[in-house]
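Residue-level structure breakdown
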Amino acid sequence: MLISVYRKRVATMAVQLAIDDPKLVKEVIARLRKAGDIEPDDLVYLDRIADNWIGIAERNRQSVRR
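Quantities reported herein were computed from a predicted structural model and do not represent experimental measurements.

As for the overall build of the protein chain
- A count of helices and strands for the protein chain gives 3 helices and 0 strands.
- Along its sequence from the N terminus, the protein chain presents helices and strands in the succession α-α-α.
- Going through the 66 residues of the protein chain one by one, you find that 12% of them count as buried.
- Counting only contacts in the protein chain whose residues sit at least 6 apart along the sequence, the fraction spanning at least 24 positions is 52%.
- For the protein chain, the distance from the average position of its 13 positive side-chain charges to the average position of its 10 negative side-chain charges is 6 Å.

A closer look at unusual backbone geometry
- Phi is positive for Leu43, which is not a glycine, with a value near 60°.
- Structurally, Leu43 can be placed in the loop between helix H2 (22–35) and helix H3 (44–65).

Some points on the nonpolar core
- Among the nonpolar cores identified, the biggest contains 6 residues, and these are Ala18, Val25, Ile29, Ile38, Leu46 and Ala50.
- Elements supplying a minimum of two residues to this core: H2 and H3.

Thoughts on the pattern of salt bridges
- One pass over the structure, following the stated rule, counts 4 salt bridges.
- Its salt-bridge partner being Asp51, residue Lys26 comes within 2.8 Å of it at the nearest N-O pair. One end of the pair, Lys26, is in helix H2; the other, Asp51, is in helix H3, with 25 residues separating them in the sequence.
- Taking the shortest distance from any N to any O, the salt bridge between Arg61 and Glu58 comes out at 2.7 Å. Of this pair, Arg61 and Glu58 are both found in helix H3, 3 residues apart, which corresponds to roughly one turn of the helix.
- On the accessibility criterion, Arg61 (37% relative accessible area) is partly exposed.
- What emerges from the salt-bridge pattern is a single network uniting Lys26, Arg33, Asp47 and Asp51.

The rules behind each value
- Residues numbered from 1 in each chain as written.
- Predicted model: local features only at pLDDT ≥ 70, side-chain atom pairs only at ≥ 80, totals over all residues.
- Heavy atoms only, no water.
- Helix = DSSP H or I, 4+ residues; strand = E, 2+ residues; numbered from the N terminus.
- Buried < 20%, exposed > 50% of the residue type's maximum accessible area, 1.4 Å probe, protein only.
- Contact = heavy atoms within 4.5 Å.
- Lys, Arg positive; Asp, Glu negative; His and termini not counted.
- Charge placed at Lys NZ, Arg CZ, Asp CG, Glu CD.
- Core = buried A, V, L, I, M, F, W, Y, C linked by side-chain atoms within 4.5 Å.
- Salt bridge = Lys/Arg side-chain N within 4 Å of Asp/Glu carboxyl O.

See the structure below:
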């Protein structure tokens, strides 16, 4: 039971980091993949979340410019 709570906290923190600093998350994932520390399909969900938030930030920047 304690391990599942810990895993949920870690997952929550990882998702929050992907929201707060998506470019950092993408860089770290790319570095881990390049080094072979994770499989190419590992952390895909974080990669997608980061992509989503990068898109949101870009759209927000564009709407401010108008």
